[in-house]
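Below are the chains, spelled out letter by letter.
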Amino acid sequence: MLPANPAERRAVLAQLFRFILTGGFVTLLGVGVYAIVALGLRWHPQAGNLLAYLVAMGTGYFLHSKWSFKGHGSRTQTTGIKFITVSLISLALNSFWVWLLTEPLGLNPEWPILPMIFVTPAVTFLLNRQWVFR
């Protein structure tokens, strides 16, 4: 995954570091919205997931395009469409975690937070770096 060229390797590691900071903030923001809606207000967990997605998508696009992947690739008319596609994939992944853990497995709505924090961001980093902000 890391390029052999030291300069390119540093650039990837810098992007990864910025993505971790920004993505961590966006993920925690989304998890916070999910927790308020699903756990605090006791609405359906998928409603919390959808609201979390909307907040995280808007915040994430701005922060990732301006900071996480600054200087990497070009921004074209399709960048926004690609970002929305990746964010819809993240919504689908998080919806899957909510469904799997709360419906068939019957676990409390807190459990989907774990893959929301650890699995979905890894997938979105790879997709954003390799496809959206190339």
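Here is a short report on the structure shown in this document. (Residues numbered from 1 in each chain as written. Predicted model: local features only at pLDDT ≥ 70, side-chain atom pairs only at ≥ 80, totals over all residues. Heavy atoms only, no water.)

## Concerning the nonpolar core
In this structure, Val-31, Val-33, Tyr-34, Val-37, Ala-38, Ala-52, Val-98, Ile-113 and Met-116 together form the largest nonpolar core, which totals 9 residues. Of all the elements in the fold, those that place two or more residues in this core are α1 (6-40) and α4 (113-118). With 5 residues, the top contributor of residues to this core is α1. Ranked by size, the runner-up nonpolar core spans 7 residues in total, among them Phe-19, Phe-69, Phe-125 and Val-132. (Core = buried A, V, L, I, M, F, W, Y, C linked by side-chain atoms within 4.5 Å. Buried < 20%, exposed > 50% of the residue type's maximum accessible area, 1.4 Å probe, protein only. Helix = DSSP H or I, 4+ residues; strand = E, 2+ residues; numbered from the N terminus.)

## Brief notes about α1
Given a rise of 1.5 Å per residue, 35 residues ought to cover 51 Å, and the 48 Å separating the end C-alpha atoms of α1 matches this to within 8%. For α1, the N-terminal cap is Asn-5; the gap from its side-chain oxygen to the backbone nitrogen of Ala-7 is 2.7 Å. Looking one or two places after α1, you find Arg-42, whose phi comes out positive at around 60°. (Expected span 1.5 Å × (residues − 1). Polar contact = N/O pair within 3.5 Å; in protein donor to acceptor, adjacent residues only side chain to side chain.)

## Details of the packing of aromatic side chains
If you walk through the whole model with that rule in mind, you get 4 aromatic pairs. For the pair Phe-96 and Trp-99, a centre-to-centre distance of 6.1 Å together with 35° between the ring planes defines the contact as tilted. Separated by 3 residues within a single helix, Phe-96 and Trp-99 lie in helix α3 (residues 79-102), roughly one turn from each other. You can call Trp-99 partly exposed: its relative accessible area is 43%. (Phe/Tyr/Trp six-rings, centres within 6.5 Å; stacked < 30°, edge-to-face > 60°.)

## A closer look at unusual backbone geometry
As a rule of thumb, non-glycine residues mostly have phi less than zero, and peptide bonds are mostly trans rather than cis. Non-glycine residue Arg-42 carries a positive phi angle of around 60°. Within the secondary structure, Arg-42 sits in the loop between α1 and α2 (45-68).

## Looking at the environment of Ile-89
Inspection of the secondary structure puts Ile-89 in helix α3. Its relative accessible area of 34% is what places Ile-89 among the partly exposed residues. On a C-alpha basis, the gap between Ile-89 and Leu-127 in space is 9.6 Å, while along the polypeptide they are 38 residues apart.

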